[in-house]
Every structure is written in structure tokens, then in C-alpha cells.
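Examining the three-dimensional arrangement
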Amino acid sequence: GRVRLPTNESSERLLRLRHSSAHVLAMAVQKLFPRAQVTIGPWIDNGFYYDFDNPDPFTEADLKLIKKEMDAIIKKDLPFRKEAVSREEAQRRIEGIGEQYKLEILQGLKEPITLYHIGDEWWDLCAGPHVETTGDLNPKALSLDSVAGAYWRGDETRPMLQRIYGTCWETPDQLKEFKKLREEAKLRDHRKLGQALGLFSIQEDAGGGLVFWHPKGSRMRRIIEEMWKEEHVADGYELLYTPHIANVNLWKTSGHLDFYRESMFDQMDVEGEEYQLKPMNCPFHCLVYKEGLRSYRELPLRWAELGTVYRYERSGTLHGLMRVRGFTQDDAHIFCLPSQLADEIRRVLELVERILGKFGFNELEVMLSTRPEKSVGSDEIWAKATIALEEALQAKGWTFTVDEGGGAFYGPKIDIKIRDAIGRLWQCSTIQCDFNLPERFDLEYVSSDGSRQRPIMVHRAIFGSIERFFGILVESYAGEFPLWLAPVQMRLLPVVDSSVDYCHEIAGRAKKLGLRVEVDLTGERIAKMIRTGEKDKIPLLAVVGAVEVENGTLNIRVRKQGEIGELPVDQVLGRISDAEQNCGAF
């Protein structure tokens with residue numbers, strides 16, 4: 001079995017080890033490179049980094065020297081010591097060592113201000129937490145990975161810093177497993193596989209972060225979207241279609257222009273008015289809701305839309321299908337009575353489980369995020385909604401963690417992560433209560449006593465976005481898609497010219513059944529056709545010679561299993577159809 005790797009959330013010890021590693025790294029760098037200025041050094045998902053302002057860029061050779069120096073500091077077993085100081089004292093000490101970035105950081109800090117010392121040799125402005133001594137770090141469970149450029153404060157107008165990335169674990173075994181996983185992840189990179197299998201491309205001529213779906217990728221997308229639509233219709237949703245742009249006033253009403261402006265593209269001029277590419281679908285659904293007075297008898301309303309949205313991302317942050325500028329959300333909004341909320345949430349959880357389960361994602365990590373300090377909505381509605389989310393999770397029997405104060409300002413939410421084939425977690429599904437938009441759009445229904453009330457609005461997505469989910473699928477399956485999802489389910493390999501017509505006839509029959517079967521017309525030798533089919537990761541290859549034509553059969557090879565022998569054509573097509581229906585195997 002695999003070594004199950006801990007996370008910062010699951011292990012506070014790991015988080016301390018990583019944070020302390022960042023400090024040891026900075027101390028080592030300043031010992032070896034006295035002119036390097038220190039900035040920030042947080043823990044991150046698989047380790048830590050530290051940003052330095054150094055006159056010369058660090059090289060690979062420098063990393064080896066720095067790691068050696070870190071090992072020496074660890075061997076000295078120096079204590080980490082916390083010291084609380086006044087703002088003035090902190091400023092005096094920072095000025096004393098001429099660290100200008102630390103001064104800027106100090107300005108943004110609230111009291112109490114704390115320093116962490118490593119022995120009596122080095123200190124940093126820091127809130128902690130840390131391990132007891134440098135000896136708690138295991139040099140064999142820690143490695144320095146790479147150097148990259150990063151702007152100070154992420155701002156292109158500020159100085160370019162040198163960021164050193166490291167990874168750190170509790171044991172050498174964990175580090176070994178992580179490195180193995182990282183190698184595996186490289187082989188599964190969806191950008192490489194997407195290109196090799198002809199699924200999609202990002203065309204730099206058209207601009208960064210914009211996805212072009214090629215025929216094979218589009219086939220898969222259509223299968224995913226059709227399944228999604230059928231599941232939603234069966235669960236009592238109506239499907240909506242809404243525009244891609246709207247008058248900017250809509251985004252003023254919704255408040256997005258205030259709190260979401262950084263992620264929105266600039267407005268365009270339409271007859272002297274400003275229009276906006278949509279970054280969200282929700283305001284559009286609110287407008288549809290307002291079309292006429294609603295009665296409590298009509299609720300809940302469940303409206304779903306595969307809505308394409310556009311969000312500005314810095315070009316440096318774009319990454320394949322995972323971070324893009326235009327993507328399709330599998331969005332839905334539920335408008336319901338407060339008394340219906342727990343039931344509606346439970347239904348969404350069931351739907352999430354059903355849809356993600358079809359792709360083999362059965363291991364989910366669930367987090368409930370509660371009211372933050374700054375929020376809109378009454379105490380009563382927050383309490384009721386939070387309890388409703390908890391009740392729904394308990395009714396489902398799911399274990400979940402609680403992120404106290406981690407909710408959005410407009411309502412509590414449930415986030416669901418899936419675990420892929422190599423054990424990585426991906427955030428996909430979100431279920432979010434919203435007390436803000438019903439207020440801003442003045443949404444109402446007539447209650448049973450004739451009074452006007454606000455509905456509760458729930459935003460929810462299952463995949464998150466089609467593009468990103470597709471990227472996750474490519475990596476999780478390593479391009480070896482199951483039979484029901486594969487863009488080509490079976491390729492027919494004619495061994496002799498006389499079997500080509502027979503192959504075309506079978507491909508035609510398959511097409512009528514809605515199956516995806518193609519004929520290899522390269523005229524290559526059979527061994528080469530089989531190798532190509534395996535390289536293209538096609539689930540079924542059928543060798544067709546004179547014997548098969550004579551017998552009305554196909555000689556089937558199953559991906560990863562090899563040859564299973566001669567089968568009647570009807571049986572083969574029937575078994576592919578069954579797999580298609582049940583999201584199963586051949």
C-alpha cells in the first residue's frame with residue numbers, strides 16, 4: 001500500500017515543521033549570502049517557501065550549499081524562542097539590521113508583535129507556531145526544490161524577489177512517497193496528455209487562458225454535460241440559458257463591482273452605456289426570479305445552468321485547464337423557504353455523491369465554513385442556515401470538519417474535495433447559502449399569511465468548472481478513460497484489405513447505437529496498429545482478418561488486459577452499450 005501523506009490541516013506538527021524549515025532556510029541563506037534581505041516565508045501545501053531580495057539570482061549549486069548549511073543548523077539543535085516586543089522595539093531592531101521589507105511588514109501587523117529566535121544567532125518577525133528546537137527537523141525528510149522569481153507583494157511594479165521552494169515531511173518515508181507522487185503527477189500532466197490525445201489546446205495566438213476543445217475532447221465534454229443535464233432534470237431542476245454580457249448596473253446591484261472587481265474584465269462601451277462580461281451567473285438567475293410575483297407554493301425553485309463566465313487572472317497564474325480566463329460553471333441556484341433548506345441541502349449532497357461517483361470519486365473530504373467576523377444577514381438567519389447545513393451533513397452520515405469563521409460574508413458554505421487516483425485532493429463541489437443577493441435584488445415571495453418574505457438562495461456547483469474538472473479527470477485516469485467516457489471506445493484494425501468494408505459496416509452499426517467506434521485506415525502492419533492503439537489509450541482494439549469476416553466476429557484486445565479472443569459482433573456492441581448505460585467496464 002501507499003504511505004498516506006498527512007496535510008497541514010490533518011497534522012499541526014507537520015505545519016510547525018514546515019514553518020520552522022522556512023526559518024532555518026532563511027537563517028542559512030543569510031549566513032551564506034549576507035547581502036540577502038528577508039521578506040516572507042510561509043508554509044504551503046507540500047512544504048514551504050521563503051522570498052529573498054538577493055543581488056544575484058540563486059543557482060542550483062547555491063541550493064545544495066544552502067541545504068548543507070540547513071543540515072548544520074539542524075544538527076546544532078538550537079532552540080526556537082518566542083519574544084513579545086513593542087512596536088517601537090521591533091522597529092528599532094529591524095532598523096538596526098537594515099531589513100527594509102520587514103519594516104513594511106511590521107507596519108501591517110496588529111499587536112501583540114512577536115519575534116522568533118533560533119538560538120542567539122538569528123531572529124525573524126513571526127507569529128509562529130514553531131517546533132521546540134532545530135533538532136526536531138529531520139534533514140532526510142526535508143529537501144529544497146527550486147528557485148523562482150516572485151514580485152514583492154505580488155505586485156508587478158515592486159521589486160522582483162528570489163523565491164526558494166522546499167518540501168518538508170515528518171519522516172524520510174513520507175518525503176520518498178511525495179517525490180514518487182510528484183514524478184507520477186508529471187507523467188499525468190493534463191497539458192501534455194491533452195495534447196498527445198488530441199483533447200484540447202490553449203492557443204497563444206488567441207490569448208492566454210482560453211480553451212479550445214478539439215473533436216475528441218468535445219465528445220467527452222458532451223458526454224459529461226449530457227449526463228449532468230439528465231441527472232439534474234431527474235432531480236427536479238429546470239435548465240436555464242442566460243447571456244454572456246450585461247449592463248454594468250447589474251453588477252452594481254449585485255455588489256460584484258465592489259467586492260469582485262479585481263477578477264472582472266474591463267467594461268465595453270455599448271451605445272454610450274457600459275456592459276460587462278459576466279464573471280458569475282447568479283445575478284441573471286435573480287432577474288429571472290423577479291419576473292413576476294412568487295408564491296410560497298412555488299418554492300423551492302431549482303435552476304441549473306452550464307454558464308460560461310469570464311474572469312481576469314494574471315497571465316503568470318494561468319495553468320492549463322486548472323486556471324483559465326473563460327470557463328463553464330456547472331452552476332445552479334435554489335430559491336427556497338427557510339424550512340426547506342436542510343432538505344434541499346441534503347438533496348444536493350445526494351446529487352454530488354451520485355454524479356462524482358460515476359467518475360470513481362467515492363472518497364470525499366467535506367468542510368463546513370461558518371460565519372466570519374464581517375458578514376451580512378441577521379444572527380437568526382446565520383444560526384438557522386448553519387444548523388440546516390449541519391443537519392443535512394449528519395442526515396447524510398458524512399464526517400466533516402468545521403472551519404470556524406471561514407464562510408463567505410454572505411452565508412455559510414460546504415466545500416467538498418475529491419481524492420484522485422494518486423491520492424491528491426482537489427476542491428470541486430461547493431454549496432453556498434446567500435443572504436446578500438436576495439436582499440440586493442429585493443427578491444420576495446408571498447408567504448402563507450400573505451406577508452412578503454425573502455427566499456433563501458443557495459448557490460451550488462458539483463464539478464466547479466467543466467474545464468478544471470476535465471483537467472482533474474485527465475490526470476486521475478492518466479488519459480486511460482473508462483469505456484463509457486472514452487472519446488473512441490473501440491478501434492477496428494483490418495489485417496487484410498478484404499476486411500476494410502466489414503470494418504466500416506460495423507463502425508456504421510455502432511454509430512447508429514450511439515457508440516464511438518473507428519477504423520484504422522493507415523494500412524500499417526498489425527503490430528504497429530496495436531502499438532498505436534495502445535499509445536492512444538483506446539479501451540478496446542479489435543483485430544479483423546479473413547477469419548473474423550467469415551465468422552461475423554471480432555478478435556478483441558482489452559486495454560491493460562491484452563487479448564480476450566474472438567467474440568460475435570452483436571455481443572461486443574451489446575457489452576459496450578451496457579457499459580455506456582451503467583458507467584461500467586466491458
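Residues numbered from 1 in each chain as written. Predicted model: local features only at pLDDT ≥ 70, side-chain atom pairs only at ≥ 80, totals over all residues. Heavy atoms only, no water.

A closer look at helix α18 (residues 569-582)
A rise of 1.5 Å per residue sets the reference length of α18, with its 14 residues, at 20 Å; its end C-alpha atoms lie 20 Å apart and thus fit the reference within 8%. The set of residues buried in α18 consists of Val 569, Val 572, Leu 573, Ile 576, Ser 577 and Ala 579. Along the axis of α18, the buried positions cluster into a sector of 160°, meaning they face one direction only. Opposite the packed face of α18, turned more than 90 degrees from it, sit the exposed residues Asp 570, Gln 581 and Asn 582. Those residues of α18 that are buried lie in contact with β25 (490-494), α15 (500-512), β27 (540-544), β28 (553-558) and β29 (562-568). Where α18 terminates, the next one or two residues include Cys 583, which has phi positive at roughly 50°. (Helix = DSSP H or I, 4+ residues; strand = E, 2+ residues; numbered from the N terminus. Expected span 1.5 Å × (residues − 1). Buried < 20%, exposed > 50% of the residue type's maximum accessible area, 1.4 Å probe, protein only. Arc of directions from axis to C-beta. Contact = heavy atoms within 4.5 Å.)

Quick notes on the pairing of strand β6 (residues 122-125)
Here four bridges tie strand β5 (residues 113-118) to β6, and the two strands are oriented antiparallel to one another. By the bridge assignment for β6, His 117 is matched with Trp 123. Linking two consecutive strands that pair antiparallel, namely β5 and β6, is a turn of three residues; a positive phi of about 55° is found at Gly 119 within it. (Pairing = 2+ DSSP bridges.)

Quick notes on the packing of aromatic side chains
Inspection of the entire model under this criterion finds 19 aromatic pairs. For the ring pair Phe 359 and Trp 484, a centre distance of 5.3 Å and an interplane angle of 50° mean the geometry is tilted. Residue Phe 359 is found in the loop between α11 (341-358) and β18 (364-369), and its partner Trp 484 is found in the loop between α14 (466-477) and β25; the two are separated by 125 residues along the sequence. A relative accessible area of 3% places Phe 359 in the buried class. With centroids separated by 6.0 Å and ring planes inclined at 75°, the aromatic side chains of Phe 361 and Phe 469 adopt a geometry described as edge-to-face. Here Phe 361 is found in the loop between α11 and β18, whereas its partner Phe 469 is found in helix α14, with 108 residues between them in sequence. (Phe/Tyr/Trp six-rings, centres within 6.5 Å; stacked < 30°, edge-to-face > 60°.)

Concerning the UniProt feature "domain: Aminoacyl-transfer RNA synthetases class-II family profile" (unreviewed entry) in the protein chain
Mapped onto the present numbering, the UniProt feature "domain: Aminoacyl-transfer RNA synthetases class-II family profile" (unreviewed entry) falls on residues 218-494. Span residues 218-494 is 32% helix and 29% strand, its end C-alpha atoms 27 Å apart. (UniProt positions renumbered as here; feature names shortened; annotations may be inferred.)

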